[in-house]
Amino acid sequence: MAERRIRVLIGKPGLDGHDRGAKVVATALRDRGMEVIYSGLHRTPEQLVQAAEQEDVDVIGLSILSGSHMELLPQVRRLLVQRGLEHVVLVGGGIIPPADAAELEKGGYARIFGPGTPTQAIAEFIEEKVGIEA
Amino acid sequence: MVLATFARRLEPTPEALLEAFRGGAVGALSRAISWAENGHDDVDSVLDALFPAIGQAWRTGFTGPPGAGKSTLVDALVGRYAGDRRSTALLAVDPSSPFSGGALLGDRIRMNQRVLDQGVFVRSMASRGSLGGLARASETACDLLDAFGFQEILVETVGVGQAEVDIAAATDTTVVVLTPASGDGIQAMKAGLMEVADLYVINKADLGPAAALAGEIEAMLDLRDPSRPRPPVLTCSALKGKGLAELVEALDRIRLRDRDSGAMQGRRQRRALSRVRRRIGETLRHRLWTEHGWEQLARQALADGKRPDRVAFDLLQNWWESGPFGQPAPANPAQKPASSPGPSRKQGNG
């Protein structure tokens, strides 16, 4: 009777009300068969990590268009490690310059997805990351 | 989608999970709930160990049609309980897609962040094909929250129609949440949802004539068997914070009454018995359907043009006569109508 589903937290950190992208990705992942928890707007890194822990997610996807990604995204990663949740796959998206994306990917983010990424690519990336990497 | 192997995530041993759980680690609680949801092999040994600690919490269920404001109401109530320093957990069930199996779980969106910051535990759960308003693992998840030490466990169902009443069997108190637009007196007289309430709340009282619906419900209650306790009918506006204090008070009164009268014990005993029955049903169905290849046999029989009820009856009949429990069935197999769901004589296990 065992049935496992990939669980994903889609989060909006900080002062940023632009959630169309987050909702599009959340819906696409749902249609792919994942269980997607949407955090709602204006969450702090602490709140997002608390939600990830209570919901036992495999993946956190953060959407940020406010420009404060180099502040908030590394904080989420630090708190995750502090809580012993480093197994959670971190991905991000939004308006993030390539240089910053590269730095985030060096600092614990599995991938930063830019504008125009097909949702299927995000879903496939998550499935591969959660499923195969040991 | 291809189900992932989840190799990346290391699963703890049941012993390690238990130790962390007993030490109060939230991560262990949430992993145990995942184990229950996923039918993990070790979840039963964990629950065996925790069983003596289960039964202290009070479980309150909230059900009602989609859009009645259940989430907003429950979130407001969680805030009240947290404010009273009652340790509180919320289990919020949302529907799984019948097409993709995925789910969008949005109950955290409405959560007042101030409440979450007070240590309330919130878990979103997808219904995963269950049709009664809860998920198959909802009750087990409540057991885990109970064993973890929460005093108040609130359970919010999927938005339901008229007949999805699993919640009433799964909780100590059931609240049916309606809105002023929820229908007239005939709706109120129908069987199902309207019968399971220990308390009615007409939410969104700021939007319409809540008193009119309250009157309809009271009129329905006048016609009911007076030996059963009469459920209070309250109106409130969760959004505006109106009527919440009265709701908390009414729920506390029901709890005291049911504790003292023995109603709680009776309800919990019935709950335990129905869980045994359900577990037997689920396990048997799964074994037969999947492991015994009945799905294939049924497909074949249907393709041969047989009537569905007859297919089911023949499968059960053959299984029964071949000695399902490792010994030949006694003579004179029950002559049951073809629509009967299964062998009625449960024999020893051989």
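Rules used throughout
- Residues numbered from 1 in each chain as written.
- Chains lettered and ligands numbered in written order.
- Predicted model: local features only at pLDDT ≥ 70, side-chain atom pairs only at ≥ 80, totals over all residues.
- Heavy atoms only, no water.
- Helix = DSSP H or I, 4+ residues; strand = E, 2+ residues; numbered from the N terminus.
- Buried < 20%, exposed > 50% of the residue type's maximum accessible area, 1.4 Å probe, protein only.
- Contact = heavy atoms within 4.5 Å.
- Areas by Shrake-Rupley, 256 points an atom, 1.4 Å probe, with all protein chains shown as cover.
- Core = buried A, V, L, I, M, F, W, Y, C linked by side-chain atoms within 4.5 Å.
- Phe/Tyr/Trp six-rings, centres within 6.5 Å; stacked < 30°, edge-to-face > 60°.
- Axes fitted to C-alpha atoms, helices over the stretch in contact; angles between N-to-C directions.
- Parallel < 35°, antiparallel > 145°, perpendicular 65-115°, else oblique.
- Left-handed = near helix turned anticlockwise from the far one by under 90°.
- Nonpolar A, V, L, I, M, F, W, Y, C, P; charged D, E, K, R; others polar.
- Pairing = 2+ DSSP bridges.
- Expected span 1.5 Å × (residues − 1).
- Buried area = accessible area lost by both parts, 1.4 Å probe.
- Salt bridge = Lys/Arg side-chain N within 4 Å of Asp/Glu carboxyl O.
- Polar contact = N/O pair within 3.5 Å; in protein donor to acceptor, adjacent residues only side chain to side chain.

### Some details on the overall build of chain B
Argument step 1. Helix and strand content of chain B: 14 helices and 8 strands.
Argument step 2. Sorting the 350 residues of chain B into buried and exposed places 48% on the buried side.
Argument step 3. Nonlocal contacts in chain B, meaning residues at least 24 apart in sequence, comprise 72% of its contacts between residues at least 6 apart.
Argument step 4. Summed over all atoms, the accessible surface of chain B reaches about 17,100 Å², with 55% contributed by carbon and sulfur.

### A short note on the nonpolar core
Residue and element names in this part refer to chain B.
Argument step 1. Ranked by size, the top nonpolar core spans 35 residues in total, and within it Phe 21, Leu 29, Ile 33, Met 125, Leu 144, Leu 145 and Phe 150 carry the most contacts.
Argument step 2. At the level of secondary structure, the elements contributing two or more residues to this core comprise helix 1 (14-22), helix 2 (26-38), helix 3 (43-50), strand 2 (88-94), strand 4 (121-126), helix 7 (138-148), strand 5 (152-156) and helix 8 (166-170).
Argument step 3. Residues contacting Leu 145, with those up to four places away along its chain left out, are Leu 29, Ile 33, Ala 89, Phe 121, Phe 150 and Ile 153.
Argument step 4. One finds Ala 76, Leu 90, Val 115 and Val 177 within the second-largest nonpolar core, a separate group that totals 29 residues.

### Thoughts on unusual backbone geometry
Argument step 1. The phi torsion at His42(A) lies on the positive side, around 60°, for a residue other than glycine.
Argument step 2. Topologically, His42(A) is positioned in the loop between strand 2 (35-38) and helix 2 (45-55).
Argument step 3. Given the relative accessible area of 44%, His42(A) is considered partly exposed.
Argument step 4. Notably, Lys204(B) is not glycine yet its phi reads approximately 60°, a positive angle.
Argument step 5. By relative accessible area, which is 28% here, Lys204(B) ends up partly exposed.

### Things to note about the packing of aromatic side chains
Residues and elements named next belong to chain A.
Argument step 1. Evaluation of the coordinates by the stated rule reveals 5 aromatic pairs over all chains.
Argument step 2. For the ring pair Phe 113 and Phe 125, a centre distance of 5.5 Å and an interplane angle of 85° mean the geometry is edge-to-face. Pair noted here: Phe 113 is in strand 5 (residues 111-113) and Phe 125 is in helix 5 (residues 119-131), with a separation of 12 residues, a long-range link.
Argument step 3. Look at Phe 125 and you get buried, because its relative accessible area is 14%.

### What about the packing of helix 2 of chain A against helix 3 (residues 69-82) of chain A?
Residue and element names in this part refer to chain A.
Argument step 1. Look at helix 2 against helix 3: their axes get within 9 Å of each other, and the N-to-C directions meet at 45°. Looking at the two axes, helix 2 sits oblique to helix 3. The hand of the helix 2/helix 3 crossing is right-handed. When helix 2 is examined against helix 3, the residues Pro 45, Glu 46 and Val 49 are found in contact with a partner set consisting of Leu 72, Gln 75, Val 76, Leu 79 and Leu 80.
Argument step 2. For the contact of helix 2 with helix 3, the residue count by class is 6 nonpolar, 1 polar and 1 charged.

### Regarding the sheet that holds strand 2 of chain B
Residue and element names in this part refer to chain B.
Argument step 1. The parallel open sheet is built from 7 strands, whose spatial order is 4-2-5-1-6-7-8. Both outer strands of the open sheet, strand 4 and strand 8 (233-235), are each paired with one neighbouring strand and no more. The mean angle between the axes of side-by-side strands here comes to 20°, regardless of whether they run parallel or antiparallel.

### What to know about the environment of Pro180(B)
Residues and elements named next belong to chain B.
Argument step 1. Along the polypeptide, Pro 180 turns up in the loop between strand 6 (173-178) and helix 9 (185-189).
Argument step 2. Given the relative accessible area of 18%, Pro 180 is considered buried.
Argument step 3. Considering only alpha carbons, one finds Pro 180 and Asp 309, 129 residues apart in sequence, at a separation of 43 Å.
Argument step 4. With near-sequence residues (within four places) excluded, Pro 180 lies in contact with Ile 202, Asn 203, Lys 204, Ala 205, Gly 208, Pro 209, Ala 210 and Leu 213.

### Side note on helix 2 of chain B
Because each turn of an α-helix spans 3.6 residues, side chains separated by three or four positions in sequence point in the same direction.
All names here are of chain B.
Argument step 1. Its 13 residues give helix 2 an end-to-end C-alpha distance of 18 Å, which sits within 8% of 18 Å, the value for a rise of 1.5 Å per residue.
Argument step 2. Within helix 2, 11 of the 13 residues are buried, which leaves the element mostly enclosed by the surrounding structure.
Argument step 3. Burial in helix 2 covers these residues: Ala 28, Leu 29, Ser 30, Arg 31, Ala 32, Ile 33, Ser 34, Trp 35, Ala 36, Glu 37 and Asn 38.
Argument step 4. Gly 39 lies just past helix 2 and shows a positive phi near 65°.

### A word on the interface of chain A and chain B
When the parts of a complex come together, some accessible area is lost, and that lost area is often taken as the interface size.
Argument step 1. Across the contact, 39 residues belong to chain A and 41 residues belong to chain B.
Argument step 2. Summed over both partners, the interface of chain A with chain B buries about 3,800 Å², with 48% contributed by carbon and sulfur atoms.
Argument step 3. For Arg108(B), the salt bridge identified is with Glu55(A), shortest N-O distance 2.7 Å.
Argument step 4. If you look at where chain A meets chain B, you find 18 residue pairs in polar contact (both at pLDDT 80 or more).
Argument step 5. The biggest single contributor to the side of chain A that touches chain B is helix 2 of chain A, with 6 residues.
Argument step 6. Grouping the amino acids of the side of chain A that touches chain B by side-chain chemistry returns 14 nonpolar, 8 polar and 17 charged.
Argument step 7. In this sheet, strand 3 (residues 103-105) of chain B lies alongside strand 2 of chain A in parallel orientation, the contact comprising 3 bridges.

### Focus on the pattern of salt bridges
Argument step 1. Tallied over the full model, the rule gives 42 salt bridges over all chains.
Argument step 2. Across the pair Arg7(A) and Glu55(A) runs a salt bridge whose closest N-O atoms are separated by 2.9 Å. Of this pair, Arg7(A) sits in strand 1 (residues 7-11) while Glu55(A) is found in helix 2, placing the two residues 48 residues apart along the sequence. Comparing Arg7(A) with Glu55(A) shows no difference in burial state: the two are buried.
Argument step 3. Arg128(B) serves as the salt-bridge partner of Glu37(B), at 4.0 Å between the closest nitrogen and oxygen. You can see Glu37(B) sitting in helix 2 and its partner Arg128(B) sitting in the loop between strand 4 and helix 7, a full 91 residues away along the chain.

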